[in-house]
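What follows is the residue order along each chain.
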Amino acid sequence: MSVHRADCVNVIGPAEGQTDRLIEVEWDTDFVGKFFTTISVHALDRPGLLRDVSNVLAEHRLSIISAKAETGDDFIARMDFEFELADLSQLDSVLSLVLSLEAVFEAYRVLPGRNPGSA
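All of these numbers come straight from a predicted model, not from anything done at the bench.

Thresholds, definitions, all that
Residues numbered from 1 in each chain as written. Predicted model: local features only at pLDDT ≥ 70, side-chain atom pairs only at ≥ 80, totals over all residues. Heavy atoms only, no water. Buried < 20%, exposed > 50% of the residue type's maximum accessible area, 1.4 Å probe, protein only. Helix = DSSP H or I, 4+ residues; strand = E, 2+ residues; numbered from the N terminus. Arc of directions from axis to C-beta. Contact = heavy atoms within 4.5 Å. Polar contact = N/O pair within 3.5 Å; in protein donor to acceptor, adjacent residues only side chain to side chain. Pairing = 2+ DSSP bridges. Salt bridge = Lys/Arg side-chain N within 4 Å of Asp/Glu carboxyl O.

### Some thoughts on helix H2 (residues 49–59)
Next up, step 1: Turning to H2, its buried residues are Leu49, Asp52, Val53, Val56 and Leu57. Here the buried residues of H2 occupy an arc of 140° about the axis, which is enough to place them on one side. Looking at H2, the residues exposed on the side facing more than 90 degrees away from the buried face are Arg51 and Glu59.
Next up, step 2: Where H2 is buried, its residues meet strand S1 (35–44), strand S2 (64–71), strand S3 (76–85), helix H3 (88–99) and strand S4 (104–109).
Next up, step 3: The positive-phi residue at the C-terminal boundary of H2 is Arg61, with phi of around 55°.

### Some points on the side chain of Thr37
Next up, step 1: Along the chain, Thr37 falls in strand S1.
Next up, step 2: Looking at Thr37, its side chain comes within polar contact range of the side chain of Arg109, at 3.0 Å.
Next up, step 3: Excluding residues that lie within four positions of it along the chain, Thr37 makes contacts with Phe81, Glu82, Phe83, Leu85, Leu91 and Arg109.

### Brief notes about the pairing of S3
Next up, step 1: Strand direction decides the pairing type here: S1 and S3, joined by 10 bridges, are antiparallel. Across the sheet, residue Ala43 finds its bridge partner in S3, namely Ala77.
Next up, step 2: Sheet topology note: the S2/S3 ladder contains 7 bridges and is antiparallel. Residue pairing for S3: Thr71 is matched across the bridge by Ala77.
Next up, step 3: Between S2 and the antiparallel strand that follows it, S3, lie 4 residues; Phe75 among them carries a positive phi value of about 65°.

### Overview of the environment of Phe75
Next up, step 1: Residue placement: Phe75 occurs in the loop between S2 and S3.
Next up, step 2: On a C-alpha basis, the gap between Phe75 and Asp45 in space is 5.5 Å, while along the polypeptide they are 30 residues apart.
Next up, step 3: Excluding its chain neighbours within four sequence positions, the residues that come into contact with Phe75 are Ala43, Leu44 and Asp45.

### Quick look at the pattern of salt bridges
Next up, step 1: Taken as a whole and judged by the stated rule, the model has 3 salt bridges.
Next up, step 2: Salt-bridge contacts for Arg46 lead to Asp52; the nearest nitrogen and oxygen are separated by 2.8 Å.
Next up, step 3: Residue classification places Asp52 among the buried residues on the basis of a relative accessible area of 16%.
Next up, step 4: Between Asp52 and Arg51 there is a salt bridge whose closest N-O contact spans 3.0 Å.
Next up, step 5: Because the salt bridges share partners, they merge into one network encompassing Arg46, Arg51 and Asp52.

Limitation: the analysis is restricted to geometry and does not speak to function.
The structure is reproduced here in structure tokens:
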């Protein structure tokens, strides 16, 4: 058995005509614990950018599991951070603060199998 989001491409395409193979599931909303998530941040490169984004995560007391940062010839910094998160409301706050940083023009949660701008 596999669980997919309702808007997952693995469900939308193959599910047509195969609705007898689908069952609806729901998550335990009373779950207490941590889960892992990844955010992607895009910004005009500048000194201190990596530090500033890392500080937002540290201020929320989030433990960074992995980080990847690179800047291309276009001077656009692309950074991905995987970290532990206690609840989704924390993520909204983190993304909002990251987006308010100087030179940051995009910050979003990375969802498996989905990329920004893809249909």
